[in-house]
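# Examining the three-dimensional arrangement
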Amino acid sequence: MAEFIDGKAAAAEVVEKVKTETVALTEEGITPGLAVVIVGDDPASQVYVASKSKRAKECGFHSVQHTLPAETAETELLALVKALNADPAIHGILVQLPLPDHIDSARVIQTIAPEKDVDGFHFINVGKLGTGTLDSAFVPCTPAGAMLLLKRVRGTDLSGLNAVVIGRSNIVGKPMANLLLAANATVTIAHSRTKDLPAVARSADILVAAVGRPQMVRGDWVKEGATVIDVGINRIPAPEKGEGKTRLVGDVAFDEAEKIAGAITPVPGGVGPMTIAMLMANTLVSACRANGRVPPSL
Ligand code: NAD
């Protein structure tokens with residue numbers, strides 16, 4: 001049976017460290033500030049934004065939420081982002097995606113000052129991660145959290161290990177692959193056009209699934225003793241819980257994979273909780289950098 005990698009506990013540890021560091025910073029007159037911007041009334045986005053703002057308050061941050069109507073003009077949103085860029089009380093700016101269709105998301109994201117881009121989506125931060133310039137980069141929160149979980153099991157140096165990332169999105173797959181490379185793993189990025197995906201997956205000492213297809217990775221795709229990081233969050237019907245009920249599953253068939261893997265993240269309770277914790281960590285790091293302090297290692 002695989003070791004169970006507890007993302008809830010790891011996320012709680014990160015948040016505790018952030019809280020402690022925030023107390024110390026605040027005593028010196030520096031309060032980390034996070035601004036979360038949401039446009040429109042997408043229910044899922046509202047839930048995410050509410051939990052980000054709530055967690056920021058719990059961390060002792062100056063937490064600001066801007067809720068704009070769906071018909072907000074792009075120029076208005078850009079003006080808000082620019083105002084937040086110029087506000088010294090704000091160290092992190094997060095614009096919740098997706099934005100309404102009439103707004104160019106890329107333009108909005110690229111307008112966020114790179115040093116306040118705690119989501120790590122600005123080209124400057126993407127470039128820093130791609131060139132291994134991690135000291136001054138912001139790394140997207142989900143892969144950063146996944147990496148932290150992986151390091152708990154495998155340590156910080158992945159030399160000699162084969163890592164396979166399934167999924168090549170800009171927010172998970174690609175940054176995850178770059179993080180693995182920066183940690184000296186030998187990295188393969190697999191995706192929907194990959195030939196014989198099960199065989200590629202079986203070559204992995206570290207297998208990261210970030211696809212969005214429920215339980216796609218079967219037990220016989222997993223190499224004996226591999227570390228499996230399941231980023232997928234998929235809602236599927238759960239008639240066993242009652243009519244119309246659903247449950248969350250990952251991209252990995254957990255019950256099969258845990259019999260073969262050396263360690264595995266569950267869904268829920270694996271990578272999921274790490275995302276908001278890493279957002280808090282990034283905001284704290286940003287506040288430290290803005291004030292010439294060396295950020296704590298989290
Ligand atoms: P995405 O749709 O942007 O990218 C999916 C990737 O999977 C693509 O690169 C595609 O090539 C690949 N893919 C699709 N079908 C495939 C197939 N049959 N075989 C191999 N590869 C295939 O998704 P994303 O934003 O990267 O998210 C991936 C998953 O991670 C989703 O389930 C999402 O919900 C989850 N996610 C979780 C968190 C979190 O834990 N907080 C955050 C972001 C995303």
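Description of the structure in this document.

Reading guide: rules and limits
Residues numbered from 1 in each chain as written. Predicted model: local features only at pLDDT ≥ 70, side-chain atom pairs only at ≥ 80, totals over all residues. Heavy atoms only, no water. Core = buried A, V, L, I, M, F, W, Y, C linked by side-chain atoms within 4.5 Å. Buried < 20%, exposed > 50% of the residue type's maximum accessible area, 1.4 Å probe, protein only. Helix = DSSP H or I, 4+ residues; strand = E, 2+ residues; numbered from the N terminus. Domains from an automatic or database assignment. Contact = heavy atoms within 4.5 Å. Expected span 1.5 Å × (residues − 1). Near = heavy atom within 4 Å. Polar contact = N/O pair within 3.5 Å; in protein donor to acceptor, adjacent residues only side chain to side chain. Areas by Shrake-Rupley, 256 points an atom, 1.4 Å probe, with all protein chains shown as cover. Nonpolar A, V, L, I, M, F, W, Y, C, P; charged D, E, K, R; others polar.

A separate point is the nonpolar core. Core analysis: the biggest nonpolar cluster contains 56 residues, and Leu158, Leu180 and Met280 have the highest contact counts within it. Residue assignment for this core shows that the elements contributing at least two residues are helix H1 (7-27), strand S2 (33-39), helix H2 (43-58), helix H6 (141-154), strand S5 (162-166), helix H7 (173-182), strand S7 (206-209) and helix H10 (272-290). No other element matches H10, which puts 11 residues into this core. Per-domain counts for this core show at least three residues from each of domain 1 (29-113) and domain 2 (141-273). If we ignore the near neighbours within four places in the chain, the residues touching Met280 are Val18, Leu34, Lys52, Arg55, Ala56, Cys59 and Phe61.

Let us now look at H6. Its 14 residues give H6 an end-to-end C-alpha distance of 20 Å, which sits within 8% of 20 Å, the value for a rise of 1.5 Å per residue. With 10 of 14 residues buried, H6 lies mostly within the body of the structure. Elements in contact with the buried residues of H6: H1, H7, S7, strand S8 (227-230) and H10. Positive backbone phi, approximately 80°, marks Gly155, located one or two places after H6.

A few words now on the site of the ligand. Close to the ligand lie 21 residues; Arg168, Ser169, Arg213, Ile233 and Thr275 are nearest. In this structure, Ser169 approaches the ligand through a side-chain N or O atom, which is 2.5 Å from an oxygen atom. For the ligand, the accessible surface in isolation is 860 Å², of which the surrounding protein chains cover 72%. For the shell around the ligand, the class distribution of residues is 9 nonpolar, 10 polar and 2 charged.

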